[in-house]
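One letter stands for each residue in the lines below.
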Amino acid sequence: MIEDFMPKPTPETAPYWDAAKAGELRVQQCGACGRHYFYPRPFCRYCASPDVAWVKVSGRARLVSYVINRRPMPGFESVSPVIALVELDEGPRLMTNVVGVEPAPENLPLDLLGSGEATESAMVSQMEDPGSFQAFRRSSAEAFRTAGLGHGDVGHLMIYDAFAHLPLYGLEDLGFVGRGESGAFIADGHTIPGGSLPVNTNGGGLAYTHTGMYGMFAILESVRQLRGEAAAQVPDVEVSFVQGVGIFFAASGSLVLSNRGS
Ligand SMILES: [Zn+2]
């Protein structure tokens, strides 16, 4: 079955596949500006020069992101469950499989301070406590633990607000304020830019955009804040916490991002 899904080389990609068959990793390099690029195309992606050549690269890369696919599609059991995005030493990023390591997050270090994931019940009506989301509590605790940081280190917070009350749950379940304190915390101005903990500085999902898959936009705003490029920039942000939610209080993911050391 897997053969049915094998890539079909085209004139643009054939040199890549031919090299791969011979055990070499080749990408294209521009003769005009010198930069390497991927995916294959007949002109440089940076300067548009048609003076490009296929060159062998080192094969060394940094892991940028990955997913562990724990339920392979039938027929794909022999494929590594770790699908990754890597950045080659020469610059280009490409998709790959990770082989030769146990598929576990501790074996796959990322340029990310901390992360956590958790689930609660499949339905809102089955939540243990309708006023508090277990998955928020567990995933955020795991993110703080893996980052080795505490709440006082966080200078900026994004909470996926698919519904207007989610930042209230987030502030409390993530442990930034105590139970029942989030309303007053917001009313007192702590979460506005210039407050003690600016939250949802892109306007929040309900104002900015809610695509149904908003988590990426929350991450984007954190990255913009950490790069100093946000429209409502918080001064001197060093650590940003991003809290995602899935379905209706079913799943949760937390990230701790930082510009320290970059
Ligand atoms: Zn070029």
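Residues numbered from 1 in each chain as written. Predicted model: local features only at pLDDT ≥ 70, side-chain atom pairs only at ≥ 80, totals over all residues. Heavy atoms only, no water.

Trainee: Can you help me understand the overall build of the chain in this one?
Mentor: Looking only at helices and strands, the chain features six helices and 10 strands. Taken over the C-alpha atoms alone, the chain extends approximately 65 × 45 × 30 Å along its principal axes. Taking all 262 residues of the chain together, the buried fraction comes to 37%. In the chain, once contacts between residues fewer than 6 apart in sequence are set aside, the share between residues at least 24 apart is 53%. Just so you have it, the chain exposes about 14,600 Å², and 56% of that area is on carbon and sulfur atoms. Of the side chains in the chain, 19 bear a positive and 28 a negative charge, and the two mean positions are spaced by 7 Å. (Helix = DSSP H or I, 4+ residues; strand = E, 2+ residues; numbered from the N terminus. Buried < 20%, exposed > 50% of the residue type's maximum accessible area, 1.4 Å probe, protein only. Contact = heavy atoms within 4.5 Å. Areas by Shrake-Rupley, 256 points an atom, 1.4 Å probe, with all protein chains shown as cover. Lys, Arg positive; Asp, Glu negative; His and termini not counted. Charge placed at Lys NZ, Arg CZ, Asp CG, Glu CD.)

Trainee: I'm lost on the packing of aromatic side chains in this one. Help?
Mentor: When we look at a pair of aromatic rings, we describe it by the centre distance and by the angle of the planes. Scanning all chains against the criterion turns up 13 aromatic pairs. Between Y160 and Y214 the ring centres are 5.1 Å apart and the planes differ by 70 degrees, which places this aromatic pair in the edge-to-face class. Of this pair, Y160 sits in the loop between strand 8 (156-159) and helix 3 (166-173) while Y214 is found in the loop between helix 5 (205-208) and helix 6 (215-227), placing the two residues 54 residues apart along the sequence. With a relative accessible area of 0%, Y214 lands in the buried category. The interplanar angle of 40 degrees and the centroid separation of 5.9 Å between the aromatic rings of F163 and F248 together place this pair among those described as tilted. Of the two residues, F163 sits in the loop between strand 8 and helix 3 while F248 sits in the loop between strand 9 (239-246) and strand 10 (251-258), which places them 85 residues apart along the sequence. Since its relative accessible area comes to 38%, F163 is described here as partly exposed. An aromatic cluster of three or more residues is present, and its members are F133, F136, Y169 and F249. Over the ring of Y46 we find R35; its NZ or CZ atom is 3.6 Å from the centre of that ring. Seen from the ring of Y39, R41 lies directly overhead, with NZ or CZ sitting 3.9 Å from the centre. (Phe/Tyr/Trp six-rings, centres within 6.5 Å; stacked < 30°, edge-to-face > 60°. Lys NZ or Arg CZ within 6 Å of the ring centre and 35° of its normal.)

Trainee: What is the right way to look at the pairing of strand 10 in this model?
Mentor: When a strand is regular, its side chains alternate between the sheet's two faces. As judged from the six bridges shared by strand 7 (residues 114-119) and strand 10, these two strands associate in the antiparallel manner. Note that in strand 10 the partner of A118 across the bridge is S252. Two elements, strand 9 and strand 10, share eight bridges in a ladder whose sense is antiparallel. Looking across to strand 10, one finds that F241 is bridged to V256. Linking strand 9 to strand 10, which pair antiparallel, is a turn of four residues; within it I247 sits at a positive phi near 55 degrees. (Pairing = 2+ DSSP bridges.)

Trainee: Teacher, can you tell me more about the coordination of the zinc ion here?
Mentor: Under ideal tetrahedral coordination, the four donors around a metal are separated by 109.5 degrees; under ideal octahedral coordination, the six donors are separated by 90 or 180 degrees. Every protein donor of the zinc ion is listed here as C30 (SG), C33 (SG), C44 (SG) and C47 (SG), and their distances to the metal cover 2.3 to 2.4 Å. One can describe the site at the zinc ion as tetrahedral: its four donor atoms subtend angles covering 102 to 122 degrees at the metal. Each donor residue of the zinc ion belongs to the same chain, with the gaps between them written as C-x2-C-x10-C-x2-C. (Donors = N, O, S within 2.8 Å, 3.2 Å for Na, K, Ca; no water. Tetrahedral: all angles 85-135°; square planar, octahedral: opposite > 155°, others 65-115°.)

Trainee: Any chance you could explain the layout of surface pockets here in plain terms?
Mentor: If a probe the size of a water molecule is rolled over the atoms, the empty space left behind becomes visible. Here the second largest pocket defines a volume of roughly 620 Å³. Ranked by residue count, the leading element in the lining of the second largest pocket is helix 1 (residues 14-21), at five residues. Taken together, the residues that form the lining of the second largest pocket break down as 15 nonpolar, three polar and four charged. Counting residues domain by domain, the lining of the second largest pocket receives three or more from each of domain 1 (1-57) and domain 2 (63-111). (1 Å grid on protein atoms, 1.4 Å probe; cavity = no way out; pocket = protein on both sides within 12 Å on 5 of 7 lines; lining within 4 Å. Points joined across faces, edges and corners; volume = space filled by probe spheres on them. Nonpolar A, V, L, I, M, F, W, Y, C, P; charged D, E, K, R; others polar. Domains from an automatic or database assignment.)

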